[in-house]
Amino acid sequence: MNHSILIAPSILSADFGAMREAVHALQDGGADWIHFDVMDGHFVPNLTFGAPMVAALRPHCNLPFDVHLMIEHPERLVPDFAEAGANSITVHAEACVHLHRVVEQIRELGCGVGVALNPHTPLETVRYILPAIDVLLVMTVNPGFGGQAFIDLMKPKIVEARLMIEQSAPHVLLEVDGGVSPDNARELVELGARVLVAGSSVFSAPTPQEGIRALRFALVSQKV
C-alpha cells in the first residue's frame, strides 16, 4: 500500500448518533488522520459541531485529529480546539484578516498549522505564508455540505499548488477536500495531492473500513 499518501476520512459524513463507533471503524480500517469539518452557519451555510465533539472523541482514537475550521473569526475558537485534542488546525485564508497572526497562534498552541482556500480564491493569497505552515488545503467543492461533486476546474489549481510548494516550501503537505473518491483518487495524487479527505465515499461504502480500502486499492492498483 502507498502510505506516502495520507487518507483523512471526514466524519462529517458519519452517523452523528454513533460517532465513537465511527472513529473506531476509521482507525481499524487504516485511516491516517481523522478530518473534522467544523462549520458555523455563517462562513458556510451549514452548522456541524464544535470543540466538545473533538474532546469527546479524543479518548477513543489514537489517530491524529485534523480539524478544519470553516468559521468566521477562527482565532476566537482555536484555543478551544487545541485544548480539545486537535493535532492540526486548518483555517481559511478568507476568514482571517490577519492570517499570519492566526498561523502563529496555532503554532504556539502546539498544533500543526493548515491554511485552506475556497475554490475561487487564488493561490497567490498564501504564497508568502506558505513556508510558515504545514498543510495547504485546496477545496475542490464549495464548502458547506458533504457529498458534493468534485469541481473539475480545480485540477489546474492543484497542479499550481504543487509547483508552488515544490519551489518555496517542500515540507508542506498538499491536502485536497471535496468530491474525493476511488474514481479520482489516482488522478488527484498524480496532480500533486498528498492528503486525501474523503467523507461520503468512505461512509457510503458497506462499512467505513471498506471505503478506506477502496481508496487504497485505487492508488495501489494503479501503481501511484
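First things first, this report covers the structure right here in the doc. (Residues numbered from 1 in each chain as written. Predicted model: local features only at pLDDT ≥ 70, side-chain atom pairs only at ≥ 80, totals over all residues. Heavy atoms only, no water.)

## A closer look at the packing of helix α1 (residues 19-28) against helix α8 (residues 208-220)
The line we're drawing: Lines are fitted to the C-alpha atoms to define the axes, a helix being fitted only along its stretch in contact, and any angle between axes, read from their N-to-C directions, falls within 0 to 180 degrees. For the purposes of this entry, the term helix denotes a DSSP run of H or I that reaches at least four residues, the term strand denotes a run of E that reaches at least two, and both are numbered from the N terminus. Crossings are assigned a handedness: left-handed for a near helix turned anticlockwise from the far helix by less than a right angle, right-handed for a clockwise turn. Residues count as neighbours in contact if any of their non-hydrogen atoms are within 4.5 Å of one another.
Between α1 and α8, the shortest axis-to-axis distance is 8 Å and the interhelical angle comes to 35°. With respect to the hand of their crossing, α1 and α8 are arranged in right-handed fashion. Residue-level inspection shows Ala 25, Leu 26 and Asp 28 of α1 in contact with α8, the latter providing Pro 208, Gln 209 and Ile 212.

## Some thoughts on unusual backbone geometry
Let me state the cut-off plainly: Here's how the labels work: a residue is buried when its accessible area is under 20% of the maximum for its type, exposed when over 50%, partly exposed in between, all with a 1.4 Å probe on protein chains only.
Even without being glycine, His 73 reaches a positive phi, approximately 50°. Looking at the element boundaries, His 73 is found in the loop between β3 (65-70) and α3 (78-84). When its relative accessible area of 39% is taken as the criterion, His 73 is described as partly exposed.

## Describing the sheet that holds strand β5 (residues 112-117)
Short version of the rule: For two strands to be treated as a pair, DSSP must find at least two bridges joining them.
Pairing is parallel across the open sheet formed by eight strands, whose spatial order is β1-β8-β7-β6-β5-β4-β3-β2. Both edges of this open sheet fall to β1 (6-9) and β2 (34-39), since each of them pairs with a single strand only. Across the sheet, the axes of successive neighbouring strands diverge by a mean angle of 25°, strand direction being ignored. Where strand β7 (residues 173-177) lies against strand β8 (residues 195-198), three bridges are found, and the strand directions are parallel. In the strand pairing of β8, Asp 177 is matched with Val 197. Against the sheet, helix α4 (residues 99-108) contacts β4 (88-92) and β5, and its axis sits at roughly 145° relative to β5.

## Points about the pattern of salt bridges
Our working rule: Salt bridge, as applied in this entry: a Lys or Arg side-chain nitrogen positioned within 4 Å of an Asp or Glu carboxyl oxygen.
Summed over all chains, the structure comprises seven salt bridges. Lys 155 is paired through a salt bridge with Asp 152; the nearest N and O atoms lie 3.8 Å apart. Measuring nitrogen to oxygen at the nearest pair gives 3.1 Å for the salt bridge that ties Lys 155 to Glu 187. Taken as a pair, Lys 155 in helix α5 (residues 155-168) and Glu 187 in helix α6 (residues 185-191) lie far apart in primary sequence, 32 residues in all. Residue class for Lys 155 comes out partly exposed when judged on its relative accessible area of 22%.

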